[in-house]
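Listed below are the residues making up each chain.
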Number of protein chains: 2
Amino acid sequence: MNTECPLPVFTDETVRVGHGSGGELSQRLISELIRPHFDNPWLRQAHDSATLCPGSERIVFTTDSFVVSPLFFPGGDIGELAVYGTVNDLAMSGAVPRFLSCSLILEEGLPMQTLDRALASMGRAARDTGVQLVTGDTKVVERGKGDGLYINTAGIGVLEHSEVIAPERIAPGDLILLSGDIGRHGMAVMATREGLEFESPLRSDCAPLAEPVLALLNAGITVHCLRDLTRGGLATALVELAESAGRELVVEEAAIPVSEPVQGACELLGLDPLYVANEGRFIAFVPADRAVEALAILQGTAVAADSRVIGSASTGHRPRVIMRNTIGSERLLDRLPGEQLPRIC
Amino acid sequence: MNTECPLPVFTDETVRVGHGSGGELSQRLISELIRPHFDNPWLRQAHDSATLCPGSERIVFTTDSFVVSPLFFPGGDIGELAVYGTVNDLAMSGAVPRFLSCSLILEEGLPMQTLDRALASMGRAARDTGVQLVTGDTKVVERGKGDGLYINTAGIGVLEHSEVIAPERIAPGDLILLSGDIGRHGMAVMATREGLEFESPLRSDCAPLAEPVLALLNAGITVHCLRDLTRGGLATALVELAESAGRELVVEEAAIPVSEPVQGACELLGLDPLYVANEGRFIAFVPADRAVEALAILQGTAVAADSRVIGSASTGHRPRVIMRNTIGSERLLDRLPGEQLPRIC
């Protein structure tokens, strides 16, 4: 993990790759340069999505651009990512994903077959998750002004429950459930990009997460907060939530599953799986008295079959994340400080 | 206007700049390669936006990515375009624009001051049009994989009336109202890009169009169809509507205003202003018996002060656009066939 100096004055600087990492630099870019131009109550929530009431219903609105390189990787591709990424952001509010937009930025020279393959994948992913792609846009940029294909999706979901699922609801004693092993997506993309071969194949965990979330809600489980673990990985998600909630979170290192191929690849490349991107994993904060039931529900779904408890929210008010290892020693987790894996989603 | 051979088999080809022109090539790319992967009733409407009913209200959803080059031009910039472009697509359904998402694709090396300036412009444009920017995303791509800044916005508007404003409502006898002179945006961007200097300055018409549209609707005017004139210009918009509506449209060439600087620049560059992009102009189809009233309402708004009648829908069922000149001779208009002005919005 490289440590970079904080930027004293943003306007003296240029954009660096690390500003897209999802970590500390991204956070500062958003909070210091971007958000001030658009200040409003929705942005102050600092969620991955906004809950709106244009009429009598509550809808959830979110967007993501996908610039992953390469476009196709073991376990997924940009088309699936563009659907699942946005569906997952909606699901993390407890919304039923309903509608997507799709905007393409094509680079001159992109083979039509490559585009066709990515769109076919998007179509399948949309059907699999029950969302309709209802509106779109296509732009073309000259050779050398893009990288084949960038896809933006925005999504609308409907809240069919009255729960508020948000960082401020995290309460002391809440247990933290993690839906499966971490680091697959980042390492699968990284290995493909670098042409690395491992004995056991590395496959992305890229998957839609609405099913396990809605299973919890439909069973009447109180869910205080949800977060999918994308850029910046599990560690960054935990730190962001601790700060948004103003809570201390305590996590057991040994409880966090990392597959052998991911562990091996991380060691080889000097990366910490806690900071590696996922595209089909999330954490849920639930009251301790419903945790066993919640865990059983999650484990009953294919995508979250390997769910487990990894920690809890303490009574502490210092917004921080304490990681405890097997011999009981503790360390504080930081956000991903700079750049780890650019163009991961 | 160059005429290109139609593509016989898309999958043998690569993306060309003309596929982003908004004309014939864009249309074929969308209808033959993109839309088949996502077929559903909303996409079959082939509008710039989709009308959805997630609950009891009708909302309108749309998206656009903005890749304009240069980022700043006389009369506007990418930030204004990104707000007004999406606001205008919502307005063309008669919706009140309410919420925007904003997704940035930044190229490594982009000066933070440039980003700040574009975002400040977005913020002002959002406040001016009464929309809230509620959710966003930021990605960074390496040097040479972008062009400074691309912005995607998606927008949600609310339909507060029960009118259906759509091509299929165009009826014989409807008059076609044009909100002002054409070609300013395309020529302003082109002139800046090419470093051309003219005696009279060329300024983009980039502007929000919700005010004149809502003025019509609030006055109880029946509006059959609306379309903003972006890529492909007035001619392409008319041809698309004739085809979607299955109607013959007849337009008087002399009624279409083109400013002297735009006319001069078009002649110099060998372009036809009918095909040049606009970002603050639209056409409205209204029944003849309300046209005078509608015209007065439009002329009462700053952005559409120069509105006029340019033609009508005939009783003919052949979906085509007839352009009549001052001596009474007629020609058929085509869509923009290939590429005219890439990266115009």
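Model, not experiment: these values are computed from the prediction.

Our focus in this paragraph is the UniProt feature "domain: PurM-like N-terminal" (unreviewed entry) in chain A. This chain's UniProt record puts "domain: PurM-like N-terminal" (unreviewed entry) on residues 48-158 of chain A. Helix makes up 29% of residues 48-158 of chain A and strand 42%, and the two end C-alpha atoms of the span are 15 Å apart.

Glancing now at the interface of chain A and chain B. By a widespread convention, an interface's size corresponds to the accessible area lost as its parts come together. Each partner contributes residues to the interface: chain A has 80 residues there, and chain B has 81 residues. Carbon and sulfur atoms supply 67% of the area buried between chain A and chain B, which totals about 6900 Å² over both sides. Taken together, the connections running from chain A to chain B amount to eight salt bridges. Note that Lys139 of chain B is salt-bridged to Asp64 of chain A, the shortest N-O span being 3.6 Å. For the pair chain A and chain B, the interface holds 31 residue pairs in polar contact (both at pLDDT 80 or more). If you list the elements that add at least two residues to the side of chain A that touches chain B, you get α1 (24-34), α2 (41-44), β1 (50-52), β2 (59-66), β5 (96-107), α4 (112-129), β6 (132-141) and β7 (149-158) of chain A. Across the side of chain A that touches chain B, the residue classes break down as 38 nonpolar, 25 polar and 17 charged.

Residue and element names in this part refer to chain B. The residue Glu243 is located in helix α7 (residues 233-245) in this model. Accessibility expressed as a relative area gives 40% for Glu243, which makes it partly exposed. Considering only alpha carbons, one finds Glu243 and Pro212, 31 residues apart in sequence, at a separation of 26 Å.

A few words on the pattern of salt bridges. Tallying each qualifying case throughout the model produces 40 salt bridges over all chains. Across the salt bridge formed by Arg343 of chain A and Asp147 of chain A, the nearest N and O atoms sit 2.8 Å from each other. Of this pair, Arg343 of chain A sits in the segment after β14 (330-332) while Asp147 of chain A sits in the loop between β6 and β7, and the two are 196 residues apart along the sequence. Here the salt bridges do not stand alone but share partners, grouping Asp64 and Arg231 of chain A together with Asp137 and Lys139 of chain B into one network.

A few words on the sheet that holds strand β2 (residues 59-66) of chain B. Residues and elements named next belong to chain B. Read from one edge of the open sheet, five strands run β1-β2-β7-β5-β6, paired in mixed fashion. Across the chains shown, the open sheet's two edge strands, defined by having one partner strand only, are β1 (50-52) and β6 (132-141). Here the strands of the sheet are splayed against their neighbours by 20 degrees on average, with no regard to which way each runs. Bridging between β1 and β2 involves three bridges; their strand directions are antiparallel.

Each strand in a sheet pairs with its neighbour through backbone hydrogen bonds, running either in the same direction (parallel) or in the opposite one (antiparallel). Residues and elements named next belong to chain B. Taking strand neighbours across the sheet as the criterion, the seven strands line up as β9-β11-β8-β12-β10-β13-β14 in an open arrangement whose pairing is mixed. The open sheet terminates on both sides in strands that have one partner only, identified here as β9 (225-228) and β14 (330-332). Averaged over all pairs of adjacent strands, the angle between strand axes in this sheet comes to 25 degrees, irrespective of strand direction. Sheet analysis places β9 next to strand β11 (residues 282-286), joined by four bridges and oriented antiparallel. What sits directly across from Leu226, in β11, is Ala284.

Moving on, we get to the domain arrangement of chain A. Residues and elements named next belong to chain A. Each assigned domain of chain A is listed with its residue range as follows: domain 1 (45-158) and domain 2 (167-332). The centre of domain 1, based on its C-alpha atoms, is set 23 Å off from the matching centre of domain 2. Counting from both sides, the interface comprises 24 residues of domain 1 and, opposite them, 23 residues of domain 2. Buried area between domain 1 and domain 2, summed over both chains or domains, comes out near 1900 Å², and the portion from carbon and sulfur atoms is 64%. Area buried by domain 1 at its contact with domain 2 is led by Pro74, Asn88 and Met92, which between them contribute 31% of it.

Okay, the relation of the copies chain A and chain B next. The transformation that overlays chain A on chain B combines an axial shift of 0.0 Å with a rotation of 180 degrees, and the residual RMSD is 0.0 Å. Read as a symmetry element, the transformation amounts to a two-fold axis. By C-alpha distance to the rotation axis, the residue of chain A lying nearest is Gly146 of chain A, at 2.3 Å. Same-surface contact between copies: 100% of interface residues of chain A are shared with the interface of chain B.

Okay, unusual backbone geometry next. For residues besides glycine, phi is generally negative; the peptide bonds are generally trans as well. Across the junction of Ser69 of chain A and Pro70 of chain A, the peptide omega takes the value 0 degrees, indicating a cis bond. Looking at where Pro70 of chain A falls in the secondary structure, it is placed in the loop between β2 and β3 (72-73). We note that Arg343 of chain B has phi near 55 degrees; this positive angle belongs to a residue other than glycine.

Relative to the assigned elements, Gln45 of chain A resides in the loop between α2 and β1. By relative accessible area, Gln45 of chain A is classed as partly exposed at 34%.

This next bit is on the packing of helix α3 (residues 78-91) of chain A against α4 of chain A. All names here are of chain A. It is at 6 Å that the axes of α3 and α4 come closest, and there the two elements cross at 35 degrees. Here α3 runs over α4; the crossing is right-handed. In contact with Ile78, Gly79, Glu80, Ala82, Val83, Tyr84 and Val87 of α3, α4 contributes Ala118, Ser121, Met122, Ala125, Ala126, Asp128 and Thr129. Its residues assigned to classes, the contact of α3 with α4 comprises nine nonpolar, three polar and two charged.

This part takes up the side chain of Thr236 of chain A. Residues and elements named next belong to chain A. By the element assignment, Thr236 lies in helix α7 (residues 233-245). For Thr236, a relative accessible area of 1% puts it in the buried group. For Thr236, the side chain forms a polar contact with the main-chain oxygen of Gly232, separated by 2.7 Å.

Turning our attention to the UniProt feature "domain: PurM-like C-terminal" (unreviewed entry) in chain A. Here the UniProt feature "domain: PurM-like C-terminal" (unreviewed entry) sits at residues 172-322 of chain A. As annotated, residues 172-322 of chain A comprises 36% helix and 18% strand, and the C-alpha atoms at either end are separated by 14 Å.

Another aspect to go through is the environment of Arg331 of chain B. All names here are of chain B. Mapping Arg331 onto the fold places it in strand β14. Among the residues examined, Arg331 registers a relative accessible area of 35% and is labelled partly exposed. Along the chain, Arg331 and Thr51 lie 280 residues apart, while their C-alpha atoms are 35 Å from each other. Contact partners of Arg331, with chain neighbours within four places excluded, come to Glu253, Leu274, Val321, Ile322 and Met323. For Arg331, the side chain forms a polar contact with the side chain of Glu253, separated by 3.2 Å.

Definitions and cut-offs
Throughout, residues of each chain are indexed from 1 in the direction in which the sequence is written. As a convention, the first chain written is A and the first ligand written is 1, with the rest following in written order. Where totals are concerned, whole chains, interfaces and linings use all residues; where local detail is concerned, this predicted model gives features only for residues with pLDDT of at least 70, and gives and counts side-chain atom pairs only at 80 or more. The side-chain quantities take in all heavy atoms of the structure and omit both hydrogens and water. UniProt positions are given in the numbering used here, feature names are shortened, and annotations may be inferred rather than shown by experiment. In this description a helix means any DSSP run of H or I spanning at least four residues, a strand means any run of E spanning at least two, and both kinds are numbered starting from the N terminus. Contacts: residue pairs with any heavy atoms within 4.5 Å of one another. Buried area counts how much accessible surface, traced with a 1.4 Å probe, disappears from two parts once they are put together, with both parts' losses summed. A carboxyl oxygen of Asp or Glu within 4 Å of a side-chain nitrogen of Lys or Arg is what we treat as a salt bridge. Contacts described as polar in this section are N or O atom pairs within 3.5 Å, which, within protein, must combine one atom able to donate a hydrogen with one able to accept it, while residues neighboring in sequence count only if both atoms come from side chains. Ten residues, namely Ala, Val, Leu, Ile, Met, Phe, Trp, Tyr, Cys and Pro, are considered nonpolar, four, namely Asp, Glu, Lys and Arg, are considered charged, and the remaining ones, Gly among them, are considered polar. We call a residue buried when its accessible area falls under 20% of the maximum for its residue type, exposed when it is over 50%, and partly exposed in between, using a 1.4 Å probe and counting protein chains only. Strands are treated as partners if at least two bridges between them are detected by DSSP. Throughout, an axis means a line fitted to C-alpha atoms (over the contacting stretch in the case of helices), and angles, computed between N-to-C directions, take values from 0 to 180 degrees. Those domain boundaries reflect an automatic or database domain assignment. In this comparison the copies share one frame, found by least squares on the C-alpha atoms of residues holding pLDDT of at least 70 in both. Here a crossing is called left-handed whenever its near helix is offset anticlockwise from the far helix by less than a right angle, and right-handed whenever the offset is clockwise.

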